[in-house]
Structure formats: C-alpha cells, structure tokens
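Structure assessment
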Amino acid sequence: MVEIQDTLVSLDLFREQFCCDLAACKGACCVEGDAGAPVDMDEIPALEEAAELLHDELTPEAQEVIDAEGVVYIDHDGQFVTSIVNDRDCVFAVKNADGTTLCAIDRAFREGRTEIEKPISCALYPIRLSEVGGMTAVNYHRWDICRCACELGKKRALPLYQFLREPLIRAFGQSWYDECCLVAQELQKAGYL
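Read on for a plain summary of the structure. (Residues numbered from 1 in each chain as written. Predicted model: local features only at pLDDT ≥ 70, side-chain atom pairs only at ≥ 80, totals over all residues. Heavy atoms only, no water.)

So, on to the nonpolar core. Formed by 29 residues in total, the largest nonpolar core has its most connected members in Phe-14 and Leu-168. Elements with a contribution of two residues or more to this core: β1 (2-4), α1 (12-15), α6 (120-124), β10 (135-140), α7 (147-156), α8 (160-163), α9 (165-172) and α10 (174-189). Apart from residues no more than four positions distant in its own chain, Leu-168 is found in contact with Leu-124, Ile-127, Tyr-161, Gly-173, Trp-176 and Tyr-177. Core analysis: the second largest hydrophobic core is formed by 23 residues, Ala-51, Val-71, Val-85 and Val-91 among them. (Core = buried A, V, L, I, M, F, W, Y, C linked by side-chain atoms within 4.5 Å. Buried < 20%, exposed > 50% of the residue type's maximum accessible area, 1.4 Å probe, protein only. Helix = DSSP H or I, 4+ residues; strand = E, 2+ residues; numbered from the N terminus. Contact = heavy atoms within 4.5 Å.)

You can see Gln-63 is positioned in helix α4 (residues 60-69). Reaching out from Gln-63, the side chain makes a polar contact with the backbone oxygen of Leu-58 at a distance of 3.2 Å. (Polar contact = N/O pair within 3.5 Å; in protein donor to acceptor, adjacent residues only side chain to side chain.)

A few words now on the sheet that holds β1. Taking strand neighbours across the sheet as the criterion, the four strands line up as β1-β2-β10-β9 in an open arrangement whose pairing is mixed. At either margin of the open sheet sits one strand with a lone partner, and together these are β1 and β9 (127-132). Shown here is a sheet whose adjacent strand axes are inclined to one another by a mean of 30°, direction ignored. Across three bridges, β1 lies against strand β2 (residues 7-9) in antiparallel orientation. Bridge pairing in β2 links Ile-4 to Thr-7. (Pairing = 2+ DSSP bridges. Axes fitted to C-alpha atoms, helices over the stretch in contact; angles between N-to-C directions.)

With that settled, the discussion passes to the packing of aromatic side chains. Applying the stated criterion across every chain, the model contains six aromatic pairs. Here the aromatic rings of Phe-18 and Phe-163 are separated by 5.7 Å at their centres, their planes lie at 55°, and the arrangement is tilted. Taken together, the positions of Phe-18 in the loop between α1 and α2 (22-25) and Phe-163 in helix α8 put the pair 145 residues apart, joining distant regions of the chain. Look at Phe-18 and you get buried, because its relative accessible area is 1%. Plain terms: the ring middles of Tyr-161 and Tyr-177 are 6.3 Å apart, the flat faces sit at 40° to each other, and that makes the pair tilted. Taken together, the residues span a long stretch of sequence, with Tyr-161 in helix α8 and Tyr-177 in helix α10 at a distance of 16 residues. Looking at Tyr-177, the relative accessible area reads 4%, which means it is buried. An aromatic cluster is built from Phe-14, Tyr-161 and Tyr-177, whose rings are joined through pairwise contacts. (Phe/Tyr/Trp six-rings, centres within 6.5 Å; stacked < 30°, edge-to-face > 60°.)

Okay, here's the thing in structure tokens:
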C-alpha cells in the first residue's frame, strides 16, 4: 500500500492491467453477485431522481421493485446498495439490442439526457473503497467475470489506474490523480512495476 493524500492505495492499481471488454462479458457486473452496487448516502437523492426520469426505460420488474422498495436497500454488511431484481440484476440494468447489459443512468448521461452519473462504486469498478483507520483504502477487487477485462488490459498494457482515470478523478480530484501518476513513475523507477 502507498499513501496518496488521505487514501491508502493498493499496489495492484499500478501492477494490474485492466480494460473492460463489454463485447466479451456482456455487462455481467450489473447482473451477477448477491447484492446491489455500494451507494453513498449522498447519492440516494440522485438515484431517486434517475429512477423517476428513466422509469419507462427500466424493466417492468425493476419498476415494481423501485415502486415497492425504493432505489436502495441495506445489505447484509449494513451498507446502502442499489436495489436488485430477482436477487441479482441491478434495478438500473437494461439490455441493448445485442443482449449486453448497460446502466440506464450511464447511458442517459452519455447521451446528454441527464447530468446524473451512475454511483461512484460502479464507475470505479473493479476498485472498491473501504475505511481503514480514518483513511480510505483503495483496493482492486478480483472477480472471475472480469477475466476478459484482465486479458484485454494485458493486451493493451493498460494499468488499472490509467484505465480508471476519469472515475478516480471524479472520486478523489485531479491533484490526487496527478500524485497517483507520480507514484506510478517512482514505483517503476524503483523496480516495483
């Protein structure tokens, strides 16, 4: 781990190579697992607004879950997570014509139909954040469904911290990311990478 501002960053962010390969995984991270995506309390109002705005684009099952339970629930770890359908699909998961699962919020944002962004935990994935001794730990979460992303990352020689440049800046700011790049250079010079 290295300290960058008020965070503890795993060396995996510099060592691991990663690049999402939607053509191969078909957006499995939006439908696999046993809970929704982690959500900060301050993101809940935006998710509620997104659910209203995108209601007609969501699946009927997702609409029912949102209407009955809301956009988030508290998981077995006591954390807010996005609501899910049938114990797996995120309520904001939608499929495109080729069967790839996408985030309805992210799609609307990229199309310029909303300024609401998907939860930061989704944008940062496969990075997961946790609190350790009053600092934010920034760790790489390994999941078998991302094997194709690891293969594509190696093919492109794309370190995880570079692949996630925009979400890392969104989460921690430009100065944090600039320092992250300097740390990567120093680790390279010292032979750790």
